[in-house]
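This is what each chain is made of:
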Amino acid sequence: MSRTLVTRAGRLTAGALVVAALGGSLFAAQAQAQASPDAPGRPLGTVNAQTGVNERMHPSTDSSVRGVLRHRVQIGLRCKVRAQDVSGNNLWYQLRDRSTWVTAKYIEGAGDVPFCRSLTRSAVDQSVESRNAMG
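Naming follows an unreviewed UniProt entry, where the protein appears as SH3 domain-containing protein of Streptomyces thioluteus.

Printed below as a string of structure tokens:
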């Protein structure tokens, strides 16, 4: 009888070790997901324009084009400002990995993107509209 009890205790201990190991793996995976650069709090958006969307130097269609993001490309967003209205949408997003801008009109699923607060303006660009656009 004592041999059976020892065998069952051994199986129970082995099972507890497996459960603990799995729990530790899940905890590590969760921590890694939270540390990833695209974790919640780091907004992403997807280009929904069939022809893509222009990346611009400043949040305006008068600004020079710095690149084009293709349809369905997912991009990291740093912040947003109110600027030139594009077909009823006056929000523009600054990209996370570079200092270019895209109109929010052609970005979907962006979630909660904070307003830009620490952008600098040149002395030439001190209009009321510009100050209001900065958030």
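Read on for the rest.
Looking at the pattern of salt bridges
The final tally for this structure, using the stated rule, is 3 salt bridges. Between E55 and R98 there is a salt bridge whose closest N-O contact spans 2.7 Å. Of this pair, E55 sits in strand β2 (residues 53-56) while R98 is found in the loop between β5 (89-95) and β6 (101-103), placing the two residues 43 residues apart along the sequence. Assessed through its relative accessible area of 32%, R98 is described here as partly exposed.

A closer look at the nonpolar core
Formed by 13 residues in total, the largest nonpolar core has its most connected members in L69, I75, L77, Y93, V102 and I107. Residue assignment for this core shows that the elements contributing at least two residues are β4 (74-86) and β5. For this core, the element with the most residues is β5, which contributes 3 residues. Counting 6 residues, the second-largest nonpolar core is a separate cluster that includes C79, V81, W101 and C116.

Comments concerning the environment of V65
Tracing the backbone through its elements, the reader meets V65 in strand β3 (residues 65-69). By relative accessible area, which is 42% here, V65 ends up partly exposed. Between the C-alpha atom of V65 and that of V53, which follows or precedes it by 12 residues, the distance is 9.9 Å. The contacts of V65, once residues within four sequence positions are left out, are N54, E55 and R56.

Some details on the state of the cysteines
Applying the stated rule across the entire model yields 1 disulfide. Two residues share a disulfide in this structure: C79 and C116, whose sulfurs sit 1.9 Å from each other. Note on the C79 and C116 pair: the S-S dihedral is about 90°, so by sign convention the disulfide is right-handed. Placement of C79 in strand β4 and of C116 in the loop between β7 (107-108) and α2 (128-133) is noted, with a sequence separation of 37 residues between them. Its relative accessible area of 3% is what places C116 among the buried residues.

Basis of the calculations
Residues numbered from 1 in each chain as written. Predicted model: local features only at pLDDT ≥ 70, side-chain atom pairs only at ≥ 80, totals over all residues. Heavy atoms only, no water. Salt bridge = Lys/Arg side-chain N within 4 Å of Asp/Glu carboxyl O. Helix = DSSP H or I, 4+ residues; strand = E, 2+ residues; numbered from the N terminus. Buried < 20%, exposed > 50% of the residue type's maximum accessible area, 1.4 Å probe, protein only. Core = buried A, V, L, I, M, F, W, Y, C linked by side-chain atoms within 4.5 Å. Contact = heavy atoms within 4.5 Å. Disulfide = S-S within 2.5 Å.

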